[in-house]
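Report on the structure
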Amino acid sequence: MGKFVGIFNQMMRSVLQWGNKLIGRGSGETKAQKQPQTKQANVDSRGREVISKGEDPVAKDVQKLESVLQEGVGKAKENKVAKGVVGRTRQIILSVFGKLKDMVTGTSSGGSGTLGKVVALLIVIALLVILVNFARSFYGRVGGNGEVGNGIFSDGPSPTPIQVVQTREPSVYADDEEILQLERNIGLLENNMNESSIRETRLNPPNLDFNISF
Amino acid sequence: MKILKRTKYLFLLFLLILSFSLFANNARSQEESQEENQEEVQEEKEDLDQTLRRYQESYNRYQDAHEDYFLARSQYLRFETLQSQEEAREATLQMLQRRDEVVINYLRALKAKLEDATNVNEENRNILSLRIDDEIEWYSEHLDRLPSAATLEDLVSDSNEARNRHRNIEPLAYEVLAFHSVGEVEAQHQKLLGLFSEVEEKLNEIRNEDREEYKLSEQKTQRIDRWLLESENRLIRGEGKQLEAMDMVNNSTNLGGYNNVVSTLREAIQYYKESASFLRETISETKKRG
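Rules and cut-offs
- Residues numbered from 1 in each chain as written.
- Chains lettered and ligands numbered in written order.
- Predicted model: local features only at pLDDT ≥ 70, side-chain atom pairs only at ≥ 80, totals over all residues.
- Heavy atoms only, no water.
- Contact = heavy atoms within 4.5 Å.
- Buried area = accessible area lost by both parts, 1.4 Å probe.
- Salt bridge = Lys/Arg side-chain N within 4 Å of Asp/Glu carboxyl O.
- Polar contact = N/O pair within 3.5 Å; in protein donor to acceptor, adjacent residues only side chain to side chain.
- Helix = DSSP H or I, 4+ residues; strand = E, 2+ residues; numbered from the N terminus.
- Buried < 20%, exposed > 50% of the residue type's maximum accessible area, 1.4 Å probe, protein only.
- 1 Å grid on protein atoms, 1.4 Å probe; cavity = no way out; pocket = protein on both sides within 12 Å on 5 of 7 lines; lining within 4 Å.
- Points joined across faces, edges and corners; volume = space filled by probe spheres on them.
- Nonpolar A, V, L, I, M, F, W, Y, C, P; charged D, E, K, R; others polar.
- Axes fitted to C-alpha atoms, helices over the stretch in contact; angles between N-to-C directions.
- Parallel < 35°, antiparallel > 145°, perpendicular 65-115°, else oblique.
- Left-handed = near helix turned anticlockwise from the far one by under 90°.
- Patch = residues over 30% accessible without salt bridge, like charges linked within 9 Å, V, L, I, M, F, W, Y side chains within 5 Å.
- Areas by Shrake-Rupley, 256 points an atom, 1.4 Å probe, with all protein chains shown as cover.
- Lys, Arg positive; Asp, Glu negative; His and termini not counted.
- Charge placed at Lys NZ, Arg CZ, Asp CG, Glu CD.
- Expected span 1.5 Å × (residues − 1).
- Phe/Tyr/Trp six-rings, centres within 6.5 Å; stacked < 30°, edge-to-face > 60°.
- Lys NZ or Arg CZ within 6 Å of the ring centre and 35° of its normal.
- Core = buried A, V, L, I, M, F, W, Y, C linked by side-chain atoms within 4.5 Å.
- pLDDT = per-residue confidence, 0-100.

A short note on the interface of chain B and chain A
Each partner contributes to the interface: chain B provides 70 residues, whereas chain A provides 38 residues. Across the interface of chain B and chain A, roughly 5,000 Å² is buried in total on both sides, 63% from carbon and sulfur atoms. Of all residues in chain B, K202, K287 and R289 of chain B give up the largest surface area on contact with chain A, accounting jointly for 14% of the area buried on that side. The tally of links from chain B across to chain A stands at 6 salt bridges. Our count for the chain B to chain A interface comes out at 20 residue pairs in polar contact (both at pLDDT 80 or more).

Following this line, the structure appears as C-alpha coordinates:
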(Lines give C-alpha, C1' and ligand atoms only; values in the text may rest on other atoms or scores of the structure.)
Protein backbone atom coordinates (compact mmCIF):
# COMPACT_ATOMS: atom_id res chain seq x y z
CA MET A 1 0.00 0.00 0.00
CA GLY A 2 2.86 2.30 0.91
CA LYS A 3 4.62 1.59 -2.33
CA PHE A 4 1.60 2.42 -4.43
CA VAL A 5 1.20 5.68 -2.50
CA GLY A 6 4.83 6.41 -3.27
CA ILE A 7 4.35 5.70 -6.95
CA PHE A 8 1.25 7.89 -7.02
CA ASN A 9 3.14 10.75 -5.34
CA GLN A 10 5.95 10.44 -7.82
CA MET A 11 3.49 10.63 -10.70
CA MET A 12 1.87 13.74 -9.27
CA ARG A 13 5.21 15.44 -8.81
CA SER A 14 6.16 14.72 -12.41
CA VAL A 15 2.85 16.09 -13.69
CA LEU A 16 3.27 19.25 -11.67
CA GLN A 17 6.84 19.78 -12.84
CA TRP A 18 5.79 19.27 -16.40
CA GLY A 19 2.92 21.69 -16.00
CA ASN A 20 5.27 24.32 -14.57
CA LYS A 21 7.60 23.92 -17.48
CA LEU A 22 4.72 24.23 -19.93
CA ILE A 23 3.75 27.61 -18.55
CA GLY A 24 7.36 28.73 -18.41
CA ARG A 25 8.14 28.50 -14.73
CA GLY A 26 11.66 27.32 -14.06
CA SER A 27 12.61 24.67 -11.48
CA GLY A 28 13.97 26.78 -8.59
CA GLU A 29 15.71 29.41 -10.71
CA THR A 30 15.47 33.06 -9.50
CA LYS A 31 15.04 35.94 -11.91
CA ALA A 32 18.53 37.18 -11.25
CA GLN A 33 19.96 33.83 -12.03
CA LYS A 34 18.13 33.57 -15.32
CA GLN A 35 20.57 33.95 -18.16
CA PRO A 36 19.43 35.28 -21.49
CA GLN A 37 19.27 32.60 -24.08
CA THR A 38 22.43 32.77 -26.19
CA LYS A 39 21.90 29.56 -28.05
CA GLN A 40 19.76 29.93 -31.12
CA ALA A 41 16.77 27.58 -31.14
CA ASN A 42 16.44 25.06 -33.96
CA VAL A 43 13.70 25.92 -36.42
CA ASP A 44 12.01 23.60 -38.86
CA SER A 45 10.88 24.34 -42.45
CA ARG A 46 7.71 26.06 -41.29
CA GLY A 47 9.58 28.25 -38.88
CA ARG A 48 8.43 26.45 -35.76
CA GLU A 49 10.82 25.71 -32.94
CA VAL A 50 12.04 22.14 -32.75
CA ILE A 51 13.36 20.92 -29.41
CA SER A 52 15.94 18.15 -29.55
CA LYS A 53 15.10 14.96 -27.82
CA GLY A 54 17.82 15.34 -25.25
CA GLU A 55 16.45 18.71 -23.99
CA ASP A 56 12.76 17.89 -24.24
CA PRO A 57 11.31 17.83 -20.67
CA VAL A 58 8.06 16.34 -21.88
CA ALA A 59 9.86 13.41 -23.43
CA LYS A 60 11.83 12.94 -20.22
CA ASP A 61 8.62 12.81 -18.25
CA VAL A 62 7.10 10.36 -20.67
CA GLN A 63 10.17 8.14 -20.21
CA LYS A 64 9.81 8.40 -16.44
CA LEU A 65 6.16 7.50 -16.66
CA GLU A 66 7.00 4.49 -18.84
CA SER A 67 9.45 3.23 -16.23
CA VAL A 68 6.89 3.68 -13.45
CA LEU A 69 4.24 1.89 -15.48
CA GLN A 70 6.63 -0.95 -16.31
CA GLU A 71 7.23 -1.36 -12.61
CA GLY A 72 3.49 -1.58 -12.12
CA VAL A 73 3.16 -4.05 -14.98
CA GLY A 74 5.89 -6.18 -13.42
CA LYS A 75 4.01 -6.28 -10.12
CA ALA A 76 0.78 -7.25 -11.80
CA LYS A 77 2.32 -10.01 -13.94
CA GLU A 78 1.05 -12.71 -11.66
CA ASN A 79 -2.52 -11.47 -11.95
CA LYS A 80 -3.82 -11.74 -15.50
CA VAL A 81 -6.68 -9.28 -14.92
CA ALA A 82 -4.39 -6.74 -13.31
CA LYS A 83 -1.91 -7.19 -16.15
CA GLY A 84 -4.61 -6.50 -18.70
CA VAL A 85 -5.87 -3.43 -16.83
CA VAL A 86 -2.41 -2.00 -16.21
CA GLY A 87 -1.32 -2.65 -19.78
CA ARG A 88 -4.38 -0.97 -21.22
CA THR A 89 -3.97 1.97 -18.84
CA ARG A 90 -0.37 2.30 -19.86
CA GLN A 91 -1.32 2.45 -23.52
CA ILE A 92 -3.98 5.10 -22.89
CA ILE A 93 -1.71 7.30 -20.78
CA LEU A 94 1.17 7.03 -23.23
CA SER A 95 -1.03 7.95 -26.15
CA VAL A 96 -2.44 10.97 -24.31
CA PHE A 97 0.99 12.16 -23.30
CA GLY A 98 2.27 11.58 -26.82
CA LYS A 99 -0.50 13.73 -28.26
CA LEU A 100 0.13 16.43 -25.66
CA LYS A 101 3.79 16.42 -26.50
CA ASP A 102 2.99 16.86 -30.20
CA MET A 103 0.66 19.73 -29.45
CA VAL A 104 3.21 21.52 -27.28
CA THR A 105 6.13 21.10 -29.63
CA GLY A 106 3.97 21.89 -32.66
CA THR A 107 4.94 18.79 -34.58
CA SER A 108 1.34 17.81 -35.29
CA SER A 109 -0.17 19.09 -38.52
CA GLY A 110 -3.02 21.09 -37.18
CA GLY A 111 -1.89 23.41 -34.38
CA SER A 112 0.41 26.26 -33.50
CA GLY A 113 2.75 26.07 -30.54
CA THR A 114 1.00 28.71 -28.40
CA LEU A 115 -2.49 27.31 -28.86
CA GLY A 116 -1.20 23.87 -28.12
CA LYS A 117 0.35 25.06 -24.87
CA VAL A 118 -2.89 26.67 -23.78
CA VAL A 119 -4.91 23.57 -24.57
CA ALA A 120 -2.37 21.40 -22.79
CA LEU A 121 -2.55 23.64 -19.75
CA LEU A 122 -6.34 23.38 -19.69
CA ILE A 123 -6.13 19.59 -19.93
CA VAL A 124 -3.66 19.51 -17.03
CA ILE A 125 -5.93 21.70 -14.90
CA ALA A 126 -8.92 19.47 -15.72
CA LEU A 127 -6.94 16.37 -14.73
CA LEU A 128 -5.91 18.02 -11.47
CA VAL A 129 -9.50 18.93 -10.65
CA ILE A 130 -10.63 15.36 -11.30
CA LEU A 131 -7.80 14.00 -9.14
CA VAL A 132 -8.58 16.40 -6.29
CA ASN A 133 -12.26 15.48 -6.34
CA PHE A 134 -11.35 11.81 -6.38
CA ALA A 135 -9.00 12.28 -3.42
CA ARG A 136 -11.62 14.28 -1.51
CA SER A 137 -14.32 11.70 -2.00
CA PHE A 138 -11.84 8.93 -1.16
CA TYR A 139 -10.75 10.59 2.10
CA GLY A 140 -14.32 11.54 2.81
CA ARG A 141 -15.31 7.90 2.77
CA VAL A 142 -12.75 6.99 5.39
CA GLY A 143 -13.62 8.30 8.84
CA GLY A 144 -11.31 9.30 11.67
CA ASN A 145 -11.04 5.76 12.94
CA GLY A 146 -10.40 4.31 9.55
CA GLU A 147 -14.00 3.18 9.23
CA VAL A 148 -15.65 3.55 5.87
CA GLY A 149 -18.44 6.11 6.08
CA ASN A 150 -20.78 7.72 3.69
CA GLY A 151 -18.41 10.52 2.72
CA ILE A 152 -18.88 14.23 3.18
CA PHE A 153 -21.68 14.44 0.68
CA SER A 154 -23.83 11.67 1.94
CA ASP A 155 -26.97 10.66 0.21
CA GLY A 156 -30.06 9.72 2.04
CA PRO A 157 -32.02 11.40 4.79
CA SER A 158 -30.39 12.61 7.98
CA PRO A 159 -32.05 11.65 11.25
CA THR A 160 -34.50 14.16 12.67
CA PRO A 161 -34.14 14.79 16.40
CA ILE A 162 -37.38 13.77 18.05
CA GLN A 163 -38.20 15.49 21.30
CA VAL A 164 -39.02 12.91 23.84
CA VAL A 165 -41.74 14.31 26.04
CA GLN A 166 -41.25 13.18 29.57
CA THR A 167 -44.63 12.69 31.14
CA ARG A 168 -44.92 13.01 34.88
CA GLU A 169 -47.69 11.73 37.01
CA PRO A 170 -50.30 14.25 38.03
CA SER A 171 -50.26 15.57 41.58
CA VAL A 172 -53.26 15.88 43.91
CA TYR A 173 -53.76 19.41 42.61
CA ALA A 174 -54.20 18.32 38.99
CA ASP A 175 -57.97 18.22 39.47
CA ASP A 176 -58.23 21.13 41.87
CA GLU A 177 -60.96 23.44 40.57
CA GLU A 178 -59.20 26.64 41.62
CA ILE A 179 -55.96 25.58 39.95
CA LEU A 180 -57.82 24.70 36.76
CA GLN A 181 -59.69 28.00 36.81
CA LEU A 182 -56.42 29.89 37.25
CA GLU A 183 -54.96 28.00 34.32
CA ARG A 184 -57.97 28.90 32.15
CA ASN A 185 -57.78 32.56 33.13
CA ILE A 186 -54.06 32.74 32.33
CA GLY A 187 -54.79 31.18 28.93
CA LEU A 188 -57.54 33.73 28.26
CA LEU A 189 -55.26 36.59 29.23
CA GLU A 190 -52.50 35.36 26.93
CA ASN A 191 -54.94 35.08 24.02
CA ASN A 192 -56.23 38.54 24.77
CA MET A 193 -52.72 39.99 24.77
CA ASN A 194 -51.91 38.27 21.49
CA GLU A 195 -55.06 39.45 19.76
CA SER A 196 -55.40 42.98 21.06
CA SER A 197 -54.04 45.79 18.95
CA ILE A 198 -52.37 48.69 20.72
CA ARG A 199 -52.17 50.85 17.64
CA GLU A 200 -55.34 52.47 16.29
CA THR A 201 -55.06 52.49 12.52
CA ARG A 202 -58.48 53.88 11.59
CA LEU A 203 -58.11 57.28 13.21
CA ASN A 204 -54.93 58.78 11.81
CA PRO A 205 -55.48 62.48 10.95
CA PRO A 206 -57.03 62.78 7.45
CA ASN A 207 -54.92 63.95 4.57
CA LEU A 208 -56.53 67.22 3.41
CA ASP A 209 -55.48 69.85 0.92
CA PHE A 210 -55.15 73.21 2.66
CA ASN A 211 -53.10 74.88 -0.06
CA ILE A 212 -55.83 76.69 -1.98
CA SER A 213 -54.73 79.37 -4.38
CA PHE A 214 -55.79 81.00 -7.66
CA MET B 1 -119.10 23.84 55.20
CA LYS B 2 -118.60 23.00 51.54
CA ILE B 3 -118.77 26.65 50.63
CA LEU B 4 -116.12 27.44 53.25
CA LYS B 5 -113.82 24.74 51.90
CA ARG B 6 -114.31 26.00 48.37
CA THR B 7 -113.59 29.56 49.46
CA LYS B 8 -110.43 28.37 51.20
CA TYR B 9 -109.23 26.63 48.04
CA LEU B 10 -110.07 29.65 45.93
CA PHE B 11 -108.17 31.90 48.31
CA LEU B 12 -105.12 29.63 48.19
CA LEU B 13 -105.28 29.57 44.43
CA PHE B 14 -105.50 33.34 44.35
CA LEU B 15 -102.43 33.60 46.62
CA LEU B 16 -100.48 31.23 44.38
CA ILE B 17 -101.34 33.19 41.25
CA LEU B 18 -100.41 36.46 42.96
CA SER B 19 -97.05 35.20 44.19
CA PHE B 20 -96.30 33.67 40.81
CA SER B 21 -97.03 36.91 38.99
CA LEU B 22 -94.90 38.87 41.44
CA PHE B 23 -92.02 36.47 40.91
CA ALA B 24 -92.39 36.68 37.12
CA ASN B 25 -92.37 40.48 37.29
CA ASN B 26 -89.12 40.44 39.27
CA ALA B 27 -87.42 38.14 36.82
CA ARG B 28 -88.64 40.21 33.90
CA SER B 29 -87.34 43.46 35.37
CA GLN B 30 -83.92 41.89 36.02
CA GLU B 31 -83.78 40.66 32.48
CA GLU B 32 -84.84 44.04 31.23
CA SER B 33 -82.09 45.83 33.15
CA GLN B 34 -79.54 43.34 31.86
CA GLU B 35 -80.81 43.87 28.37
CA GLU B 36 -80.63 47.60 28.89
CA ASN B 37 -77.01 47.32 29.96
CA GLN B 38 -76.21 45.23 26.97
CA GLU B 39 -78.04 47.63 24.76
CA GLU B 40 -76.07 50.51 26.22
CA VAL B 41 -72.81 48.78 25.49
CA GLN B 42 -74.09 47.91 22.05
CA GLU B 43 -75.16 51.51 21.57
CA GLU B 44 -71.75 52.80 22.54
CA LYS B 45 -70.12 50.41 20.14
CA GLU B 46 -72.54 51.38 17.45
CA ASP B 47 -71.85 55.03 18.21
CA LEU B 48 -68.15 54.50 17.65
CA ASP B 49 -68.73 52.38 14.55
CA GLN B 50 -71.36 54.83 13.35
CA THR B 51 -69.10 57.84 13.78
CA LEU B 52 -66.25 56.04 12.07
CA ARG B 53 -68.55 55.17 9.18
CA ARG B 54 -69.82 58.72 8.93
CA TYR B 55 -66.22 60.01 8.94
CA GLN B 56 -65.25 57.62 6.15
CA GLU B 57 -68.28 58.59 4.05
CA SER B 58 -67.57 62.31 4.47
CA TYR B 59 -63.95 61.74 3.43
CA ASN B 60 -65.11 60.02 0.24
CA ARG B 61 -67.42 62.98 -0.53
CA TYR B 62 -64.53 65.39 0.10
CA GLN B 63 -62.32 63.53 -2.37
CA ASP B 64 -64.98 63.81 -5.09
CA ALA B 65 -65.42 67.52 -4.36
CA HIS B 66 -61.65 68.03 -4.45
CA GLU B 67 -61.41 66.50 -7.92
CA ASP B 68 -64.16 68.83 -9.18
CA TYR B 69 -62.41 71.81 -7.56
CA PHE B 70 -59.11 70.88 -9.20
CA LEU B 71 -60.72 70.65 -12.63
CA ALA B 72 -62.61 73.92 -12.23
CA ARG B 73 -59.47 75.67 -10.98
CA SER B 74 -57.42 74.44 -13.98
CA GLN B 75 -60.13 75.64 -16.38
CA TYR B 76 -60.34 79.04 -14.73
CA LEU B 77 -56.56 79.48 -14.75
CA ARG B 78 -56.53 78.50 -18.43
CA PHE B 79 -59.48 80.48 -19.79
CA GLU B 80 -60.02 83.19 -17.13
CA THR B 81 -63.58 83.78 -18.25
CA LEU B 82 -66.38 84.94 -15.95
CA GLN B 83 -68.15 81.65 -16.30
CA SER B 84 -65.06 79.63 -15.45
CA GLN B 85 -64.48 81.93 -12.49
CA GLU B 86 -68.01 81.35 -11.20
CA GLU B 87 -67.69 77.61 -11.68
CA ALA B 88 -64.37 77.66 -9.86
CA ARG B 89 -65.93 79.61 -7.00
CA GLU B 90 -68.77 77.11 -6.65
CA ALA B 91 -66.44 74.12 -6.83
CA THR B 92 -64.08 75.66 -4.28
CA LEU B 93 -66.96 76.45 -1.92
CA GLN B 94 -68.24 72.90 -2.23
CA MET B 95 -64.79 71.50 -1.56
CA LEU B 96 -64.20 73.72 1.49
CA GLN B 97 -67.56 72.71 2.95
CA ARG B 98 -66.78 69.02 2.47
CA ARG B 99 -63.36 69.57 4.01
CA ASP B 100 -64.81 71.14 7.12
CA GLU B 101 -67.32 68.26 7.39
CA VAL B 102 -64.44 65.77 7.25
CA VAL B 103 -62.67 67.54 10.09
CA ILE B 104 -65.85 67.72 12.20
CA ASN B 105 -66.67 64.04 11.65
CA TYR B 106 -63.09 63.09 12.38
CA LEU B 107 -63.18 64.98 15.65
CA ARG B 108 -66.47 63.31 16.58
CA ALA B 109 -64.97 59.88 15.89
CA LEU B 110 -61.96 60.83 17.98
CA LYS B 111 -64.23 61.83 20.85
CA ALA B 112 -66.15 58.55 20.58
CA LYS B 113 -62.85 56.68 20.70
CA LEU B 114 -61.80 58.62 23.79
CA GLU B 115 -65.07 57.83 25.54
CA ASP B 116 -64.68 54.17 24.62
CA ALA B 117 -61.15 53.99 26.03
CA THR B 118 -60.69 52.17 29.31
CA ASN B 119 -58.29 52.97 32.12
CA VAL B 120 -57.82 56.58 31.08
CA ASN B 121 -57.43 59.12 33.84
CA GLU B 122 -60.76 60.99 34.12
CA GLU B 123 -59.05 64.36 34.30
CA ASN B 124 -57.12 63.72 31.11
CA ARG B 125 -60.23 62.37 29.44
CA ASN B 126 -62.21 65.52 30.33
CA ILE B 127 -59.47 67.89 29.20
CA LEU B 128 -59.10 66.15 25.86
CA SER B 129 -62.86 65.98 25.44
CA LEU B 130 -63.15 69.73 26.00
CA ARG B 131 -60.41 70.44 23.47
CA ILE B 132 -62.19 68.29 20.90
CA ASP B 133 -65.49 70.07 21.55
CA ASP B 134 -63.73 73.39 21.12
CA GLU B 135 -62.39 72.40 17.70
CA ILE B 136 -65.75 70.99 16.61
CA GLU B 137 -67.39 74.27 17.53
CA TRP B 138 -64.87 76.32 15.59
CA TYR B 139 -65.14 74.22 12.44
CA SER B 140 -68.94 74.22 12.65
CA GLU B 141 -68.95 78.03 12.76
CA HIS B 142 -66.47 78.14 9.91
CA LEU B 143 -68.67 75.80 7.88
CA ASP B 144 -71.68 78.07 8.46
CA ARG B 145 -69.73 81.16 7.33
CA LEU B 146 -68.43 79.71 4.07
CA PRO B 147 -71.51 80.31 1.84
CA SER B 148 -71.22 84.05 2.54
CA ALA B 149 -67.92 84.26 0.61
CA ALA B 150 -68.63 86.17 -2.59
CA THR B 151 -65.31 85.90 -4.38
CA LEU B 152 -62.50 83.44 -4.89
CA GLU B 153 -60.24 85.62 -2.77
CA ASP B 154 -62.69 85.39 0.15
CA LEU B 155 -62.74 81.63 -0.18
CA VAL B 156 -58.94 81.48 -0.23
CA SER B 157 -58.85 83.62 2.89
CA ASP B 158 -61.39 81.35 4.64
CA SER B 159 -59.36 78.32 3.60
CA ASN B 160 -56.19 79.80 5.07
CA GLU B 161 -58.04 80.42 8.32
CA ALA B 162 -58.94 76.75 8.48
CA ARG B 163 -55.36 75.82 7.59
CA ASN B 164 -54.00 77.76 10.54
CA ARG B 165 -56.57 76.24 12.87
CA HIS B 166 -55.79 72.77 11.56
CA ARG B 167 -52.40 72.92 13.25
CA ASN B 168 -54.20 72.11 16.52
CA ILE B 169 -55.79 68.94 15.17
CA GLU B 170 -52.73 66.73 14.72
CA PRO B 171 -51.32 67.10 18.27
CA LEU B 172 -54.78 66.59 19.73
CA ALA B 173 -55.41 63.50 17.61
CA TYR B 174 -52.13 61.78 18.50
CA GLU B 175 -52.56 62.60 22.17
CA VAL B 176 -55.99 60.95 22.18
CA LEU B 177 -54.67 57.90 20.33
CA ALA B 178 -51.70 57.64 22.71
CA PHE B 179 -53.97 57.77 25.76
CA HIS B 180 -56.15 55.13 24.21
CA SER B 181 -53.15 52.82 23.63
CA VAL B 182 -51.89 53.37 27.17
CA GLY B 183 -55.37 52.53 28.46
CA GLU B 184 -55.40 49.25 26.51
CA VAL B 185 -52.09 48.17 27.99
CA GLU B 186 -53.14 49.22 31.48
CA ALA B 187 -56.21 46.96 31.15
CA GLN B 188 -53.93 43.99 30.38
CA HIS B 189 -51.63 44.99 33.24
CA GLN B 190 -54.51 45.04 35.74
CA LYS B 191 -55.71 41.59 34.66
CA LEU B 192 -52.19 40.18 34.95
CA LEU B 193 -51.72 41.75 38.37
CA GLY B 194 -54.98 40.20 39.54
CA LEU B 195 -54.01 36.77 38.27
CA PHE B 196 -50.57 37.00 39.83
CA SER B 197 -52.09 37.76 43.23
CA GLU B 198 -54.51 34.87 42.92
CA VAL B 199 -51.76 32.43 41.99
CA GLU B 200 -49.58 33.65 44.84
CA GLU B 201 -52.45 33.27 47.28
CA LYS B 202 -53.20 29.75 46.09
CA LEU B 203 -49.55 28.72 46.33
CA ASN B 204 -49.33 30.10 49.88
CA GLU B 205 -52.38 28.06 50.75
CA ILE B 206 -50.69 24.96 49.35
CA ARG B 207 -47.46 25.69 51.25
CA ASN B 208 -49.36 25.95 54.52
CA GLU B 209 -51.19 22.71 53.90
CA ASP B 210 -51.13 20.33 56.90
CA ARG B 211 -52.37 17.18 55.22
CA GLU B 212 -49.47 14.94 54.31
CA GLU B 213 -50.76 13.92 50.89
CA TYR B 214 -51.34 17.56 49.91
CA LYS B 215 -47.88 18.79 50.90
CA LEU B 216 -45.32 19.57 48.22
CA SER B 217 -41.70 18.49 48.44
CA GLU B 218 -39.05 21.10 49.13
CA GLN B 219 -37.53 20.62 45.70
CA LYS B 220 -40.88 21.19 44.05
CA THR B 221 -41.57 24.24 46.21
CA GLN B 222 -38.22 25.72 45.17
CA ARG B 223 -39.03 25.16 41.51
CA ILE B 224 -42.40 26.80 41.85
CA ASP B 225 -40.88 29.74 43.72
CA ARG B 226 -38.35 30.18 40.93
CA TRP B 227 -41.06 30.37 38.28
CA LEU B 228 -43.04 32.78 40.40
CA LEU B 229 -39.99 35.00 40.87
CA GLU B 230 -39.36 35.04 37.12
CA SER B 231 -42.97 36.01 36.55
CA GLU B 232 -42.73 38.83 39.08
CA ASN B 233 -39.50 40.13 37.53
CA ARG B 234 -41.08 40.27 34.08
CA LEU B 235 -44.11 42.00 35.53
CA ILE B 236 -41.93 44.67 37.14
CA ARG B 237 -40.00 45.25 33.91
CA GLY B 238 -43.26 45.58 32.00
CA GLU B 239 -44.51 48.14 34.50
CA GLY B 240 -41.30 50.11 33.99
CA LYS B 241 -41.83 50.20 30.24
CA GLN B 242 -45.44 51.19 30.71
CA LEU B 243 -44.47 54.13 32.92
CA GLU B 244 -41.90 55.15 30.33
CA ALA B 245 -44.63 55.16 27.68
CA MET B 246 -46.98 57.18 29.86
CA ASP B 247 -44.30 59.84 30.27
CA MET B 248 -43.98 60.02 26.51
CA VAL B 249 -47.71 60.60 25.96
CA ASN B 250 -47.52 64.32 26.65
CA ASN B 251 -44.88 64.61 23.92
CA SER B 252 -46.79 62.51 21.40
CA THR B 253 -47.95 65.50 19.39
CA ASN B 254 -47.01 64.01 16.04
CA LEU B 255 -46.77 60.67 14.32
CA GLY B 256 -43.18 60.11 15.48
CA GLY B 257 -44.10 60.69 19.10
CA TYR B 258 -47.09 58.39 18.83
CA ASN B 259 -44.92 55.69 17.23
CA ASN B 260 -42.49 55.91 20.16
CA VAL B 261 -45.33 55.46 22.63
CA VAL B 262 -46.66 52.45 20.73
CA SER B 263 -43.26 50.74 20.43
CA THR B 264 -42.57 51.21 24.17
CA LEU B 265 -46.01 49.84 24.99
CA ARG B 266 -45.32 46.84 22.78
CA GLU B 267 -42.21 46.12 24.85
CA ALA B 268 -44.31 46.33 28.00
CA ILE B 269 -46.85 43.89 26.55
CA GLN B 270 -44.04 41.52 25.64
CA TYR B 271 -42.85 41.50 29.26
CA TYR B 272 -46.43 40.90 30.43
CA LYS B 273 -46.77 37.97 28.04
CA GLU B 274 -43.58 36.45 29.43
CA SER B 275 -44.82 37.00 32.97
CA ALA B 276 -48.08 35.22 32.10
CA SER B 277 -46.19 32.31 30.56
CA PHE B 278 -44.11 31.91 33.75
CA LEU B 279 -47.33 31.94 35.76
CA ARG B 280 -48.61 29.18 33.51
CA GLU B 281 -45.43 27.20 34.22
CA THR B 282 -46.02 27.65 37.93
CA ILE B 283 -49.51 26.20 37.63
CA SER B 284 -48.29 23.44 35.38
CA GLU B 285 -45.58 22.52 37.91
CA THR B 286 -48.13 22.44 40.70
CA LYS B 287 -50.27 20.02 38.74
CA LYS B 288 -47.42 17.53 38.32
CA ARG B 289 -46.07 15.13 40.92
CA GLY B 290 -42.39 15.03 41.90
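Let's pick the thread back up.
Some points on the side chain of S84 of chain B
Residues and elements named next belong to chain B. Relative to the helices and strands, S84 resides in helix α2 (residues 82-116). Under the relative-accessibility criterion, S84 is labelled buried at 7%. Beyond its immediate sequence surroundings of up to four residues, S84 is in contact with Q75, Y76 and F79.

Structural notes on empty space enclosed by the protein
Residues and elements named next belong to chain B. Within this structure, the stated rule accounts for 1 cavity of 30 Å³ or more. Volume-wise, the largest cavity comes out at about 40 Å³. Along its surface, the largest cavity is lined by L203, R207, L216, T221, I224 and D225. Secondary structure elements with two or more residues in the lining of the largest cavity: α5 (169-207) and α6 (218-249). Tallied by class, the residues present in the lining of the largest cavity amount to 3 nonpolar, 1 polar and 2 charged.

Some thoughts on the packing of α5 of chain B against helix α7 (residues 255-287) of chain B
Residue and element names in this part refer to chain B. Relative to each other, α5 and α7 sit at 15°, their axes nearing to 10 Å. Taken together, the axes of α5 and α7 lie roughly parallel to each other. Taken as a pair, α5 and α7 cross one another with a handedness that is left-handed. Among the residues making up the contact of α5 with α7, the classes are represented as 21 nonpolar, 6 polar and no charged.

Focus on a positive patch on the surface
All names here are of chain A. A cluster of basic residues, R13, K21, K60 and K64, forms a positive patch at the surface. Elements represented by at least two residues in the positive patch include exactly α1 (2-22) and α2 (57-75). With respect to the element layout, R13 can be found in helix α1. Judged by its relative accessible area of 52%, R13 is exposed.

A look at the side chain of R99 of chain B
Mapped onto the secondary structure, R99 of chain B falls in helix α2. This buried residue, R99 of chain B, is left without a salt bridge; D100 of chain B holds the nearest opposite charge, at 4.7 Å. Not counting chain neighbours up to four residues away, the residues in contact with R99 of chain B comprise L208, D209, F210 and I212 of chain A together with Y62, S159 and A162 of chain B.

As for the pattern of salt bridges
Enumeration according to the criterion identifies 25 salt bridges over all chains in this entry. Across the pair K202 of chain B and E178 of chain A runs a salt bridge, and its minimum N-O distance is 3.3 Å. With K202 of chain B in helix α5 and E178 of chain A in helix α5 (residues 177-195), this residue pair bridges two chains. A relative accessible area of 44% places E178 of chain A in the partly exposed class. One connected set of salt bridges, linked through shared partners, spans D176 and E178 of chain A together with K202 and E205 of chain B.

Here we look at α6 of chain B
Residue and element names in this part refer to chain B. Helix length check: α6, at 32 residues, gives a terminal C-alpha distance of 47 Å against a target of 46 Å (1.5 Å per residue), a fit within 8%. Residues K220, T221, I224, L228, S231, L235, G238, Q242, A245 and V249 constitute the buried set of α6. Among the structural elements, α5 and α7 are those in contact with the buried residues of α6.

Focus on a nonpolar patch on the surface
All names here are of chain B. On the surface, a nonpolar cluster with roughly 630 Å² of combined accessible area is contributed by Y9, F11, L12, F14, L15 and L18. Mapped onto the fold, L15 is located in helix α1 (residues 2-79). Given the relative accessible area of 38%, L15 is considered partly exposed.

Some words on the packing of aromatic side chains
With the rule as written, the count across this model stands at 8 aromatic pairs over all chains. Here a set of aromatic residues connected by ring pairs shows up, and it is made of F214 of chain A together with Y69 and Y76 of chain B. Here the guanidinium or amino end of R73 of chain B rests over the ring plane of F214 of chain A, the centre of that ring lying 5.9 Å away. A cation sits over an aromatic face here: R211 of chain B above Y214 of chain B, 3.8 Å from the ring centre.

Thoughts on the nonpolar core
The biggest cluster of nonpolar side chains holds 78 residues, and the ones touching the most others in it are L107, L110, I132, Y139, V199 and L279 of chain B. Within the residue set of this core, elements represented by two or more residues are α5 of chain A together with α1, α2, α3 (122-145), α4 (152-166), α5, α6 and α7 of chain B. Of the residues forming this core, the biggest block, 16 residues, is contributed by α5 of chain B.

Examining the confidence of the model for chain B
Here chain B shows a mean pLDDT of 89. Residues at 70 or above account for 90%. Both confidence scores are given for the complex: pTM 0.58, ipTM 0.75.

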